[in-house]
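Fold and contact review
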Amino acid sequence: MVKFSKELEAQIIPEWKEAFVNYKQLKKQIKKIKLAKVPKKEQAPEVEFGRSIFDSFRFITNKFFSSDNDKSDIIQVKRKTMGDSEEELYETELSQLFSEEDEVHVFFAKLDEELNKVNQFYKKQEIEFLDRGETLIKQLQILLDLKQLFGNRRRKNPPSSKASNYGIFPHSPSQGSTCSGSFGESEETNSEISQMDEVITTLEKNGVSFVNSATRMKTKKGKNKMAMRIDIPATTPTKASTAVTSMIWEDLVNSPTKEGYGFINKRKVQYAEKMIRSAFVELYKGLGLLKTYSSLNMVAFSKILKKFDKVSCQKTSANYLKEVKKSNFVSSDKVVRLMDEVESIFTKHFANDDRKKAMKFLRPQQQKGSHMITFLVGLCTGCSVSLFCVYAILAHLCGIFSPSSEPAYVDAVYPVFSVFALLSLHLLMYGCNLYMWRGTRINQNFIFEFSPSTALKHRDAFLMSTTFISAVFGAMVIHLVLRATGFAPTQVDAIPGILLLFFIVLLIWPFDILYRPTRFCFIRIIRSIICSPFYKVLFVHVFMADQLTSQIPLLRHLGLTGCNILAGVFKTHHPKACHSGTLYTEIIYIISFLPYFWRALQCARKWFDAGEVANLANMGKYISAMVAAWARLTYNNRHDSNLWFAIALITSVVATFYQLYWDFVKDWGFFNPNSRNPLLRDDLILKNKSIYYMSMGLNVVLRVTWVQTVIYIRRKGPAQTKLLDFVLASLEVIRRGHWNFYRLENEHLNNVGHFRAVKTVPIPFHEIELS
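Residues numbered from 1 in each chain as written. Predicted model: local features only at pLDDT ≥ 70, side-chain atom pairs only at ≥ 80, totals over all residues. Heavy atoms only, no water.

**Examining the overall build of the protein**
- A tally of helices and strands in the protein yields 29 helices and five strands.
- By residue count, 45% of the 771 residues in the protein fall in the buried class.
- Contacts in the protein between residues at least 24 apart in sequence constitute 74% of all its contacts with a sequence separation of at least 6.
- About 41100 Å² of surface is accessible on the protein, with carbon and sulfur atoms providing 60% of the total. (Helix = DSSP H or I, 4+ residues; strand = E, 2+ residues; numbered from the N terminus. Buried < 20%, exposed > 50% of the residue type's maximum accessible area, 1.4 Å probe, protein only. Contact = heavy atoms within 4.5 Å. Areas by Shrake-Rupley, 256 points an atom, 1.4 Å probe, with all protein chains shown as cover.)

Rendered as structure tokens:
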């Protein structure tokens, strides 16, 4: 049977961990009470001398004539209201039975403290969720009114009418969608004025409070001049471009000297509907977490009081449990009623009265671990090891790395196999990250905003990694076997390219097999990174862009492989066409800059959205990395230039110190001067502090592997050069995987510090006043 402490640890909400009852601390206090009773039992025989015959009579009388009601008076739990805040605090008073037992007093003082903490946190969260629910219901009613007005307008006007294409008000000067539109007045026709009055009247009936609704601003002819704006976040290129258009339009049209014209089109209403639907899903999730919070804490209080009764040999739990059950976090049913209301609303308005469909959104089922996946991981691992041994033997027998065949083989075949090897290593490190995050209760799905029903587990990542490497080694063995049987290199060197094309097709395969949600999510994230200025930057975009900065060798090999395929290298077998010359140099420069450039654009977009100067400082880090990469590449092409050696060395040192500072201070949250853990932060998830210090040292060592590219080392041949480059690229992937754990740990602790357990979805409808 699993102990309740472990069960509580497994079910606890990570972001609210500090708000839960401290079950372990209370258990320790009960152990202290138990130990404090031991000396009294040992000293009991010494007191026998002072007893009289009346003591036995008193003992029998108390034994047979005392009732449980008397025992319930051993403790008295009182409620006190604190000042103007009207917060109820619980305070326990003990009878004379425990008057001399200090440990018991300490226990009930801590128990009261935990009960007050839980109750106050529940009240705060309950109020926030109830307010959010009330706001969303109002937003939904506005949406329904708008959809009804659109429907009425569509019935009054034929589909070919221009008005039905652009919105409620057909004579608006604007002819495109914007991220911020408004209801306005149009003084040209009485029908449009009546439509505006109809909109305002309909919305005000449903509780929408307009700005200065009592005394509305009037135009020269005394007409109403109010507005309700739809704010759609600029999360995509289309929304970003229309946001700029909206800003310019508001400056030009809605100026103090001109009348405001507004419109709402169908597309913006659809965006608003998606936002409200997502907000209801997050609200329901938060209500479910709060319900779990209530039940777990109730069980914890019940368990701890039973343990106290067992140790103290007194029945005190019944009286205290009555007060616990009367407290707000147990007795309040507002959360349950709101959950039922949200289920009903979502089923009716977002699932076409299909409850089963609604529950798929509101309660997504998490994937269960499969033993088959574990079996396949082991099978693929064994296959990859066996195939690697076979490849090593065949390569030696075929003399594949002999001076005569080495350059052609390494230049044409190595880049493709290196891509898969580095990708497999990255997936392996990500699987290790998932395993560690799961073991340390870091909620990576919430941080990345992944769906729990489709998010990868660590076994899935391991399976993908071992499948990749097994396919690579299998292709390498087949390649050598065909060459050994007499096939010309021009015929068999196309195998790596075919393998790459196969996996690209598999990545975009539209059917729901082989982790389609994960594949499509990956494609969307890459698309957002490439179009960084035009997409809203989420944490998952930042995280993946940082991974790309560590996969520059992989991207270079992809570029070379693409050049090989497009130039027909595998057919003509002239690899030097894509491995030398001006075009090759330009491709290498561009690919080396792109990941840093994308990441810098993300920082610029975050600064534009949030206005935080720290984002500009972070952008400077990636600019310094771009400069250092440019200097090292230029020096590698001019080994005899002392000037470029000095430039490469200085820029690389500056960029490295910049990156190390950002790793330790910003991304990991270390070097807190006021921390109780030297050179670290106050809150640490791993218990062994030495791991953090070793990780810092390892990060420094792996950050300076660029020294090898500056201090040119003479090698024997292309194979040794490529092998050393692959080792350095692998070390950078390992460093990034190592960095990932602490980066997400710091992000998780920030969420815990603000008790963020659900995503905050912005609402679309806002009231404004036209000037």
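That was the structure; now back to the text.
**Focus on helix H13 (residues 355-362)**
- Every buried residue of H13 is listed here: Ala358, Met359 and Leu362. Viewed end-on, H13 has its buried residues packed into an arc of 100 degrees, placing them on one side of the element. When the buried face of H13 is taken as reference, the exposed residues oriented beyond 90 degrees from it are Lys356 and Lys360. (Arc of directions from axis to C-beta.)

**Topic: the pattern of salt bridges**
- Within the structure shown, the criterion is met by 17 salt bridges.
- Taking the shortest distance from any N to any O, the salt bridge between Arg605 and Asp609 comes out at 2.8 Å. Here Arg605 and its partner Asp609 are both found in helix H24 (residues 582-610), four residues apart, which amounts to about one turn of the helix.
- A residue is classified by how much of its surface remains accessible, and Arg605, at 8% relative accessible area, is buried.
- Assessed through its relative accessible area of 42%, Asp609 is described here as partly exposed.
- Among the ionic pairs, Arg681 bridges to Glu745, the shortest N-O distance being 3.2 Å. Of this pair, Arg681 sits in the loop between helix H26 (642-667) and helix H27 (690-703) while Glu745 sits in helix H29 (residues 718-753), placing them 64 residues apart in sequence. Each member of the pair, Arg681 as well as Glu745, carries the same accessibility label: buried.
- Residues joined by salt bridges that share partners form a network here, namely Asp663, Arg703, Glu732 and Arg735. (Salt bridge = Lys/Arg side-chain N within 4 Å of Asp/Glu carboxyl O.)

**Things to note about the confidence of the model for the protein**
- Mean pLDDT over the protein stands at 77; residues scoring 70 or higher make up 71%.
- Across residues 40-50, confidence stays below pLDDT 50; counting only partners more than four residues off in sequence or on other chains, it has one contact.
- In the model, residues 207-221 has pLDDT below 50 throughout and makes 35 contacts with residues more than four positions away in sequence or in other chains. (pLDDT = per-residue confidence, 0-100.)

**Observations concerning unusual backbone geometry**
- One non-glycine residue, Arg441, lies in the positive phi region at around 60 degrees.
- Inspection of the secondary structure puts Arg441 in the loop between helix H15 (406-439) and helix H16 (444-448).
- Phi angles above zero are rare outside glycine, and Leu514 is one such case at about 55 degrees.
- Structurally, the position occupied by Leu514 is in the loop between helix H19 (495-507) and helix H20 (516-530).

**Some details on a nonpolar patch on the surface**
- Side chains of Val505, Trp509, Phe511, Ile513 and Leu514 sit close together on the surface and give an oily, nonpolar patch of about 490 Å² of accessible area.
- Structurally, Ile513 is set in the loop between H19 and H20.
- In this structure Ile513 comes out as partly exposed when scored by relative accessible area, which is 45%. (Patch = residues over 30% accessible without salt bridge, like charges linked within 9 Å, V, L, I, M, F, W, Y side chains within 5 Å.)

**Some remarks on the packing of aromatic side chains**
- Counted under the stated rule, the structure contains 37 aromatic pairs.
- Where Phe448 meets Phe450, the ring centres are 5.3 Å apart and the plane angle is 40 degrees; that geometry is what we call tilted.
- With relative accessibility at 3%, the residue Phe448 sits in the buried group.
- Phe450 gets classed as partly exposed once you look at its relative accessible area, which sits at 22%.
- When the ring centre of Trp662 is taken as origin, the NZ or CZ atom of Lys666, which lies over that ring, is 5.8 Å away. (Phe/Tyr/Trp six-rings, centres within 6.5 Å; stacked < 30°, edge-to-face > 60°. Lys NZ or Arg CZ within 6 Å of the ring centre and 35° of its normal.)

**Concerning the environment of Leu616**
- Along the chain, Leu616 falls in helix H25 (residues 613-637).
- With relative accessibility at 32%, the residue Leu616 sits in the partly exposed group.
- Separated by 16 residues in sequence, Leu616 and Ala600 place their C-alpha atoms 8.7 Å apart.

**What about a positive patch on the surface?**
- A contiguous patch of positive charge, built from Lys3, Lys6, Lys24, Lys28, Lys31, Lys32, Lys34, Lys303, Lys306, Lys307, Lys310 and Lys687, is present on the exposed surface.
- Looking at the positive patch, the elements that each hand over two or more residues are helix H2 (23-42) and helix H9 (266-312). (Lys, Arg positive; Asp, Glu negative; His and termini not counted. Charge placed at Lys NZ, Arg CZ, Asp CG, Glu CD.)

**A closer look at the nonpolar core**
- Counting 68 residues, the largest nonpolar core has Trp16, Phe107, Leu111, Phe280 and Tyr293 as the members making the most contacts within it.
- At the level of elements, helix H1 (4-11), H2, helix H5 (102-156), H9, helix H10 (317-326), helix H12 (334-350) and H13 are the ones that each hand at least two residues to this core.
- Apart from residues lying up to four places away in sequence, Phe107 is in contact with Leu26, Gln29, Ile30, Ile33, Ile304 and Phe308.
- Membership of the second largest hydrophobic core comes to 30 residues, among which are Ile442, Leu456, Phe539 and Ala545. (Core = buried A, V, L, I, M, F, W, Y, C linked by side-chain atoms within 4.5 Å.)

**Notes on the state of the cysteines**
- In total, this model carries zero disulfides according to the counting rule given.
- The thiol of Cys383 is unpaired, and the distance to the nearest cysteine sulfur, on Cys380, comes to 6.2 Å. (Disulfide = S-S within 2.5 Å.)

**Notes on the environment of Gly562**
- For Gly562, the location among the structural elements is in helix H22 (residues 552-566).
- By relative accessible area, which is 27% here, Gly562 ends up partly exposed.
- Distance from Gly562 to Cys578, taken between C-alpha atoms, is 9.4 Å for residues 16 residues apart in sequence.

**Some details on the side chain of His557**
- Along the chain, His557 turns up in helix H22.
- According to the relative accessible area criterion, His557 is buried, its value standing at 12%.
- At 3.1 Å, the side chain of His557 forms a polar contact with the side chain of Ser418. (Polar contact = N/O pair within 3.5 Å; in protein donor to acceptor, adjacent residues only side chain to side chain.)

**Brief notes about the packing of H9 against H12**
- Put simply, H9 and H12 touch, their axes get as near as 10 Å, and they point 150 degrees apart. Our classification of the angle between H9 and H12 gives roughly antiparallel. The handedness of the crossing between H9 and H12 comes out as left-handed. Residues Glu273, Ile276, Arg277, Phe280, Val281, Leu283, Tyr284, Leu287, Gly288, Leu290 and Lys291 of H9 lie in contact with H12, whose contacting residues are Val335, Leu338, Met339, Val342, Glu343, Ile345, Phe346, His349 and Phe350.
- Along the lines of polarity and charge, the residues of the contact of H9 with H12 split into 14 nonpolar, two polar and four charged. (Axes fitted to C-alpha atoms, helices over the stretch in contact; angles between N-to-C directions. Parallel < 35°, antiparallel > 145°, perpendicular 65-115°, else oblique. Left-handed = near helix turned anticlockwise from the far one by under 90°. Nonpolar A, V, L, I, M, F, W, Y, C, P; charged D, E, K, R; others polar.)

**Some details on the environment of Phe543**
- Among the secondary structure elements, Phe543 is positioned in helix H21 (residues 539-549).
- Residue contacts for Phe543: discarding those within four places in its chain leaves Trp437, Phe448, Trp739, Asn740 and Leu744.

**Points about the side chain of Arg735**
- As for its position among the elements, Arg735 is in helix H29.
- Only 3.0 Å separates the side chain of Arg735 from the side chain of Glu732, close enough to count as a polar contact.
- If we ignore the near neighbours within four places in the chain, the residues touching Arg735 are Ser550, Asp663, Asn699, Leu702 and Arg703.

**Considerations on the packing of H26 against H27**
- At a minimum axis separation of 11 Å, H26 and H27 run at an interaxial angle of 155 degrees. Classified by the angle between their axes, H26 and H27 sit roughly antiparallel to one another. Relative to H27, H26 is oriented so that their crossing is right-handed. On H27, the residues that touch Thr656, Gln659, Leu660, Asp663 and Phe664 of H26 are Met696, Asn699, Val700 and Arg703.
- In terms of residue class, the contact of H26 with H27 is made up of four nonpolar, three polar and two charged.

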